[in-house]
Amino acid sequence: MFSKRTWLVVSVLLVLAMALSACGKAASTAAPAETTAPVATDATGSCGADEFCFGILLVGPYNDNGWSTATYLGAQYVTEKMSKVRFLYADNVNTSSNPNTTAAQFAEQLLARGAKVIIFNSDDMKDGVTEFTAAHPDVPVIWLTGDFAWKDGQRYQADMKSESDLMGRMEYGKMIAGCAAALTTKTGKIGFLGPLINDETRRLADSAYLGANYCWTKVMGNTTPLDFKVTWIGMWFNIPGVTLDPTQVADDFYNSGYDVVISGIDSTEAVTEAKKMRDQGKDVYAVQYDYEDALQRSSGCLPGRAVLQLGCRHAARDPIRSRWKVYSPVCLGEPDWKDINNADTSVVGFKKSDGLSADAQQSSIPSSANWLVGSTSSLAR
């Protein structure tokens, strides 16, 4: 997918995580492990003359312990790996947090402060991507989870030559999460806490079901159908008065006999409620989404986590002088099945969790894409 020429590389690495919360009573009262919290960059400063700056628009707060935190830390990873590279950001880029604003307006601010590349981190920003790209056709734009550059996509825009789409094959991660859930459930009832409904979120919910059903029937040998239920809240995170309350949705699952809840939203309500239920003596679990250290930053159960790491590189020639060339308008990275936990080479990773049984740890980690019956091509973008 990428050019093999000797280019300097600007990496936009998103560390996304799913964590299987499965702690016993003793562990459930343990103190959270100490972790380093995200450190905000100067939100008002401008780039120096000798710096290469890229700007990121975050749909939620940079410290949401979910998708926006993962994006933010991915940007930090880039600046740690390369000299004279800096990123600027704006968070809470959504109309609920910032009424009467647009993503394009925030992008204009980052451009004015010296950003040479603008990254939009949410499908919800499609109007902003369109507006900003039309106004600045010479400014490279990267849209995380977008589909304007995909020629076979429903929203393909042939005239947006400076825009590219960046995302990993999240379907694999969701399948692993579904499998881990199926290997953990004792009731045969798995809930999926869904965000808004679009092509991406349907693919991911479907993938979680396919992984769960495969391991429920092929690995566990169950003949009774798996009870897999999806409830959509209406957005990636809770907006009081607009979305369903994800805390209530998670509680409804647990109180209805669903003992594992897979989160598809940006925040940590599922694992937080699992912790509360376990403190009450209920044997329930949660699979967290997006951010690797979400469990440590929340009140959820701590031991073990299943991790999905997403990374994709866009090659750039002489980025300090701002000569940027995107070689592939659509970047959909797949796992490095030979070294699935190598964050620099693999899109999808899986870290064994102490909360999974020894047999489950072996069964839930695939060695190739043939792990599941069929192919993810039916779920392709």
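Keep in mind that this is a model prediction, so the values were computed, not measured.

Caption draft 1: Quick peek at the overall build of the chain. Tallying secondary structure elements over the chain gives ten helices and 13 strands in all. Expressed as a percentage of its 381 residues, the buried residues of the chain come to 57%. In the chain, 73% of the contacts between residues at least 6 apart in sequence involve partners at least 24 apart. Summing over all exposed atoms, the chain offers an accessible surface of approximately 16000 Å²; the carbon and sulfur share of this is 49%.

Caption draft 2: Main features of empty space enclosed by the protein. Throughout the structure, instances matching the rule amount to three cavities of 30 Å³ or more. In this structure, the largest cavity is lined by Val-59, Trp-67, Asn-121, Ser-122, Asp-123, Thr-145, Met-167, Glu-200, Trp-236, Asp-266, Tyr-289 and Asp-290. The residue makeup of the lining of the largest cavity, split by class, is five nonpolar, three polar and four charged.

Caption draft 3: Spatial organisation of helix α8 (residues 269-279). Across the eleven residues of α8, nine count as buried, placing the element largely inside the fold. The set of residues buried in α8 consists of Glu-269, Ala-270, Val-271, Thr-272, Glu-273, Ala-274, Lys-275, Met-277 and Arg-278. Gly-281 occupies a position one or two residues after α8 and carries a positive phi of about 95 degrees.

Caption draft 4: Examining the pattern of salt bridges more closely. By the definition in use, this model includes nine salt bridges. Note that Glu-273 and Lys-276 form a salt bridge whose closest N and O atoms lie 3.3 Å from each other. With Glu-273 and Lys-276 both in helix α8, this residue pair falls three residues apart, about one helical turn. Note on Lys-276: relative accessible area 45%, which makes it partly exposed. Its salt-bridge partner being Asp-279, residue Lys-275 comes within 2.6 Å of it at the nearest N-O pair. Residue Lys-275 and its partner Asp-279 are both found in helix α8; the two are separated by four residues, about one turn of the helix. The class for Asp-279 is partly exposed, based on a relative accessible area of 44%. A network of salt bridges, in which partner residues are shared, links Asp-123, Asp-147 and Arg-155.

Caption draft 5: The arrangement of the nonpolar core in detail. Among the nonpolar cores identified, the biggest contains 50 residues, and Phe-54, Leu-57, Ile-118, Phe-120 and Phe-132 are the most heavily contacted of them. Of all the secondary structure elements, the ones that give two or more residues to this core are β3 (52-57), α2 (67-81), β4 (85-90), α3 (103-112), β5 (117-120), α4 (126-135), β6 (141-144) and β7 (163-168). Residues contacting Phe-132, with those up to four places away along its chain left out, are Ala-104, Ala-107, Glu-108, Leu-111, Ile-118, Phe-120, Val-139 and Val-141. Judged by nonpolar contacts, the second largest core, of 18 residues, contains Ala-182, Ile-190, Leu-226 and Tyr-285.

Caption draft 6: Summary view of the environment of Gln-76. When you line up the elements, Gln-76 lands in helix α2. In the structure, Gln-76 is positioned ten residues away from Arg-86 in sequence and 8.4 Å away in space, judged by C-alpha atoms.

Cut-offs applied
Residues numbered from 1 in each chain as written. Predicted model: local features only at pLDDT ≥ 70, side-chain atom pairs only at ≥ 80, totals over all residues. Heavy atoms only, no water. Helix = DSSP H or I, 4+ residues; strand = E, 2+ residues; numbered from the N terminus. Buried < 20%, exposed > 50% of the residue type's maximum accessible area, 1.4 Å probe, protein only. Contact = heavy atoms within 4.5 Å. Areas by Shrake-Rupley, 256 points an atom, 1.4 Å probe, with all protein chains shown as cover. 1 Å grid on protein atoms, 1.4 Å probe; cavity = no way out; pocket = protein on both sides within 12 Å on 5 of 7 lines; lining within 4 Å. Points joined across faces, edges and corners; volume = space filled by probe spheres on them. Nonpolar A, V, L, I, M, F, W, Y, C, P; charged D, E, K, R; others polar. Salt bridge = Lys/Arg side-chain N within 4 Å of Asp/Glu carboxyl O. Core = buried A, V, L, I, M, F, W, Y, C linked by side-chain atoms within 4.5 Å.

Such coordinate-based values are descriptive only and should not be taken to indicate function.
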